[in-house]
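Commentary on secondary and tertiary structure
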Amino acid sequence: MKKLILGLAVASTVFMKAQTQIIAHRGYWQTQPPTTENSLKSLENAQHLKIYGSEFDVRMTKDGVLVVNHDEHHAKMEISETNFKDLEKVKLSNGENFPTLKNYLKQGKKDKTLKLIVEIKPDKTKEKEDELTAKTIKMIKDMKLGSQCEFISFSLNICKEIKKLEPAFKVQYLRGELSPQQIKDEGLDGIDYHYSVFQKNPTWIADAKALGLITNAWTVNDVAVSDELKKQGIGFITTNIPDQLK
């Protein structure tokens, strides 16, 4: 009987951990030799890992070009206030060209098994956010990548705008101040919160799952934190060390 109980416990732990999927944060860029986050090479590296997905950030230039970059600035230029022809003059630290969303999606399309986790960054006004969101959704649909993409944002407006434009698209909120029930009431699909939010609200993973919501934690770069989240049954973990946590 003891062996049976031990066997069931081990099987339960293995099954529980197997349920947690790994997402590379801004691609897999902490490699040897290292590359840089949000680069095409970091996405290619993530494709070789055979994990669930790779996250990246979308912004819009002054002249309406969609680009992939986390920070508001590229070099010392504010992206939303600079035309693309000026931004592209400065290459990424790994020598790549400053990536447009179109080129990034072309690379993503080469491996249909890797989900593309599209973070649409907040903009200065609702009008700008709506324009950025509409253009992003249109490009993804035009490239027939809708089934490969999932969406996240710190802007509740952007999250709701995505659902308005494409109700079937999966959308998760990032900021962390809304409870699972509030997310459900907003019509979104899940919570993608910093792991510290789950530490402060230890029932939220279970609460979200009971509501049928997706659960994700960012940015988990500690194996002990990852193991604790897995024990709680988290659905996804976003990390800078996908090779170690997968």
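Here is what the cut-offs are and how they apply
Residues numbered from 1 in each chain as written. Predicted model: local features only at pLDDT ≥ 70, side-chain atom pairs only at ≥ 80, totals over all residues. Heavy atoms only, no water. UniProt positions renumbered as here; feature names shortened; annotations may be inferred. Helix = DSSP H or I, 4+ residues; strand = E, 2+ residues; numbered from the N terminus. Axes fitted to C-alpha atoms, helices over the stretch in contact; angles between N-to-C directions. Parallel < 35°, antiparallel > 145°, perpendicular 65-115°, else oblique. Left-handed = near helix turned anticlockwise from the far one by under 90°. Contact = heavy atoms within 4.5 Å. Nonpolar A, V, L, I, M, F, W, Y, C, P; charged D, E, K, R; others polar. 1 Å grid on protein atoms, 1.4 Å probe; cavity = no way out; pocket = protein on both sides within 12 Å on 5 of 7 lines; lining within 4 Å. Points joined across faces, edges and corners; volume = space filled by probe spheres on them. Buried < 20%, exposed > 50% of the residue type's maximum accessible area, 1.4 Å probe, protein only. Disulfide = S-S within 2.5 Å.

When the UniProt feature table is mapped onto this chain numbering, "domain: GP-PDE" (unreviewed entry) sits at residues 20–246. End C-alpha atoms of residues 20–246 are separated by 9 Å, and the span's content is 36% helix alongside 21% strand.

Our focus in this paragraph is the packing of helix α5 (residues 126–142) against helix α6 (residues 156–165). Orientation of α5 relative to α6, taken along the N-to-C sense of each, is 45°, at an axis distance of 10 Å. For the element pair α5 / α6, the angle class is oblique. Both α5 and α6 take part in a crossing whose hand is right-handed. Contacts between α5 and α6 pair Lys126, Glu129, Asp130, Thr133, Ala134 and Ile137 from the former with Asn157, Ile158, Glu161, Ile162 and Leu165 from the latter. The residue makeup of the contact of α5 with α6, split by class, is 5 nonpolar, 2 polar and 4 charged.

Size it by volume and the largest pocket reaches roughly 160 Å³. Broken down by class, the residue content of the lining of the largest pocket amounts to 2 nonpolar, 6 polar and 3 charged.

The topology assignment puts Ala217 in strand β10 (residues 214–218). Owing to a relative accessible area of 0%, Ala217 belongs among the buried residues under this scheme. For Ala217 and Tyr193, which are 24 residues apart along the polypeptide, the C-alpha to C-alpha distance reads 5.1 Å.

Attention now moves to the state of the cysteines. Applying the stated criterion to the full structure yields 0 disulfides. Cys149 forms no disulfide, and the closest cysteine sulfur to it belongs to Cys159, at a distance of 15 Å. Of the residues examined, Cys149 reaches a relative accessible area of 4% and is grouped as buried. Under the relative-accessibility criterion, Cys159 is labelled buried at 0%.

Three- or four-residue spacings in an α-helix give side chains the same orientation, since the helix completes a turn every 3.6 residues. Along α6, the residues that are buried comprise Ile158, Cys159, Glu161, Ile162 and Lys163. Looking at the packing, one finds that the buried side of α6 touches β6 (115–120), α5, β7 (149–153) and β8 (171–173).

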